[in-house]
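Here is how the chains run, residue by residue.
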Amino acid sequence: MTEATRADVGTLRTLVDAWVELQQASTLATLRTDSPAPWASVGNGAGGIAWTLGHLAHRLARPELHDEARRWLRAARAAARLRSGFHGGRVGNQPVASSVWNRGPGLDIIELALHRDLTPANRRRRKRAVASLARVLRPIRVPAEIIDGHAGALLALLAVDRMHADPALVALGDELATRLVAPARRKPKGAFAHGSIGVQHAVVAWALHRAAPLPVAVARALDRSPPAAVVAHAPASFARSWCNGLAGHVQLWCKAFELTGDQEFRDLAIAAIPRLVEQPAEGGGSLCCGAGGRAYALLATERITGDRALHAHAVQLAAVAVALEDASTGGMLWGFSGLVGLAADLVATDELDGRFPWVD
């Protein structure tokens, strides 16, 4: 590790501690004043803060942060009852009801994650959350994609089920996965956030989680585009991003290699490394559009290759991301709290388990 990388690691540790202190002293009113985004959502607001605090409690062995995470979840629930809770900001005026990132299903996911102990009160909370998820996600018009639809919900369910197995969640996940691979289901085109790359990734990740075979039609359709072609066809400002560019493809290739053992997917991920690490960092700092998402793609590649140099590159990208993003914003996908979670993953003792939240 170079002196510069050590300095970046120190900066990330300090950042995590400072951010926790800030959230402990902040309220929903503070977030509404400082952030232009929807106040309730996981992607932009209080829900993302709640998830990140719960994540830090686990990754950094700080159980006292569970109570702080629950406080922010209650704040998010309160914000969801306001007219502005899921409106305005970067996601438009009418987020789709099935979105785990922009609407109520994301708060139900956090409810399941934070209330793991099977006390009578938690059993009731979990039952209500699962019923709420099923009610919103089962209508036939729910889209297939990551941000607003079944693919994103499936990956969020997987994240919770990794923490504690729940038969009701598994049954709902199996149902969503079946819908995603149905031949008659219209699949969106291209990219990860709103396109076919994200849908493929969700199906592959669920198959790996369930130790189930990948449907033949999905296996044949898995994207194998060369990294240069991905960058060339993506919008210029998002060419290496998770949402529309190379980082999202790398997440798919790493997961496909983990499931299938097909060396071609590993080779594609390795071939993408030079483009992921190079500067400048277009797209800002966020996990969705900028350097934070690229850092998580490097961590996924590190996991399948064992190349520890990638961890140092991810640390450097995280430091760049933190400098680019507005520290007053909430939210996990489009806000600063997602970068705090990334920082915790990079400095945690078990570094190799750093994963893009609700994606990897």
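Scroll up a little and you will see the structure.
Residues numbered from 1 in each chain as written. Predicted model: local features only at pLDDT ≥ 70, side-chain atom pairs only at ≥ 80, totals over all residues. Heavy atoms only, no water.

A. A look at the overall build of the protein. Looking only at helices and strands, the protein features 16 helices and 0 strands. For the protein, the residues scored as buried account for 58% of the 360 residues in total. The contacts of the protein with a sequence gap of at least 6 include a subset with a gap of at least 24, amounting to 67%. For the protein, the accessible area works out to roughly 14,300 Å², and carbon and sulfur atoms hold 56% of it. Within the protein, the 33 negative side-chain charges are centred at a point lying 9 Å from the centre of the 40 positive side-chain charges. (Helix = DSSP H or I, 4+ residues; strand = E, 2+ residues; numbered from the N terminus. Buried < 20%, exposed > 50% of the residue type's maximum accessible area, 1.4 Å probe, protein only. Contact = heavy atoms within 4.5 Å. Areas by Shrake-Rupley, 256 points an atom, 1.4 Å probe, with all protein chains shown as cover. Lys, Arg positive; Asp, Glu negative; His and termini not counted. Charge placed at Lys NZ, Arg CZ, Asp CG, Glu CD.)

B. Inspection of the pattern of salt bridges at higher detail. Counted under the stated rule, the structure contains 19 salt bridges. Arg77 is the salt-bridge partner of Asp108, the closest N and O atoms lying 3.1 Å from each other. Linking Asp108 in helix H5 (residues 104-114) with Arg77 in helix H4 (residues 65-80), this pair joins segments that are 31 residues apart in sequence. Here Arg210 makes a salt bridge to Asp174, at a shortest N to O gap of 2.9 Å. Taken together, the residues Arg210 in the loop between helix H9 (196-209) and helix H10 (216-221) and Asp174 in helix H8 (residues 167-181) connect sequence positions 36 residues apart. By relative accessible area, Arg210 is classed as partly exposed at 38%. (Salt bridge = Lys/Arg side-chain N within 4 Å of Asp/Glu carboxyl O.)

C. Structural context of unusual backbone geometry. Of note, the phi angle at Ala211 is positive, near 50°, even though the residue is not glycine. Note on placement: Ala211 falls in the loop between H9 and H10. Taking relative accessible area as the criterion, Ala211 reaches 72% and is therefore assigned exposed.

D. Here's a closer look at the packing of helix H6 (residues 120-137) against H8. Where H6 contacts H8, the axes come no closer than 11 Å and their chain directions differ by 15°. Considered as vectors, H6 and H8 are oriented roughly parallel to each other. With respect to the hand of their crossing, H6 and H8 are arranged in left-handed fashion. Contacts from Val130, Leu133, Ala134 and Leu137 of H6 reach H8 at Ala168, Leu169, Leu172, Leu176 and Arg179. Residues belonging to the contact of H6 with H8 are distributed by class as follows: 8 nonpolar, no polar and 1 charged. (Axes fitted to C-alpha atoms, helices over the stretch in contact; angles between N-to-C directions. Parallel < 35°, antiparallel > 145°, perpendicular 65-115°, else oblique. Left-handed = near helix turned anticlockwise from the far one by under 90°. Nonpolar A, V, L, I, M, F, W, Y, C, P; charged D, E, K, R; others polar.)

E. Broad picture of the packing of helix H3 (residues 46-59) against helix H16 (residues 337-347). Two numbers describe how H3 lies on H16: the axes approach to 9 Å, and their chain directions differ by 10°. If you check the angle between H3 and H16, you find them roughly parallel. Contact with H3, carried on its side by Gly48, Ile49, Thr52, His55, Leu56 and Arg59, involves Ser337, Gly338, Val340, Gly341, Ala344 and Asp345 of H16 and no other residues of that element. Of the residues belonging to the contact of H3 with H16, the class tally is 4 nonpolar, 6 polar and 2 charged.

F. Quick peek at the side chain of Thr301. Take Thr301: it is sitting in helix H14 (residues 291-305). Not counting the four nearest positions on each side in its chain, Thr301 is found in contact with Val250, Cys254, Ala269, Ile273 and Leu310.

G. Fine view of the nonpolar core. By size, the foremost hydrophobic cluster in this structure holds 121 residues, and its most contacted members are Leu12, Trp101, Trp242, Val250, Trp253, Leu333 and Trp358. Ranked by residues supplied to this core, first place goes to helix H7 (residues 150-163) with 9 residues. (Core = buried A, V, L, I, M, F, W, Y, C linked by side-chain atoms within 4.5 Å.)

H. A look at the environment of Ala344. Among the secondary structure elements, Ala344 is positioned in helix H16. Residue classification places Ala344 among the buried residues on the basis of a relative accessible area of 0%. For the pair Ala344 and Leu73, spaced 271 residues apart in sequence, the C-alpha separation works out to 20 Å. If sequence neighbours within four positions are ignored, Ala344 has contacts with Val16, Leu56 and Leu60.

I. Molecular detail of the packing of aromatic side chains. For the structure shown, the criterion picks out 5 aromatic pairs. An angle of 80° between the planes, with centres 5.2 Å apart, marks the rings of Trp51 and Trp358 as edge-to-face. In this pair, Trp51 sits in helix H3 while Trp358 sits in the segment after H16, placing the two residues 307 residues apart along the sequence. Its relative accessible area of 3% is what places Trp358 among the buried residues. Ring centres of Phe192 and Trp242 lie 5.1 Å apart, and the angle between their planes is 45°; on these two criteria the pair is classed as tilted. Highlighted residues: Phe192 in the loop between H8 and H9 and Trp242 in the loop between helix H11 (227-233) and helix H12 (246-260), separated in sequence by 50 residues. Residue class for Trp242 comes out buried when judged on its relative accessible area of 0%. The rings of Phe192, Trp242, Tyr296 and Phe356 are connected pair by pair, giving a single aromatic cluster. (Phe/Tyr/Trp six-rings, centres within 6.5 Å; stacked < 30°, edge-to-face > 60°.)

J. Spotlight on H7. For H7, with 14 residues, the first-to-last C-alpha span of 20 Å sits near the 20 Å given by 1.5 Å per residue. Where H7 is buried, its residues meet H5, H6, H8 and H9. (Expected span 1.5 Å × (residues − 1).)

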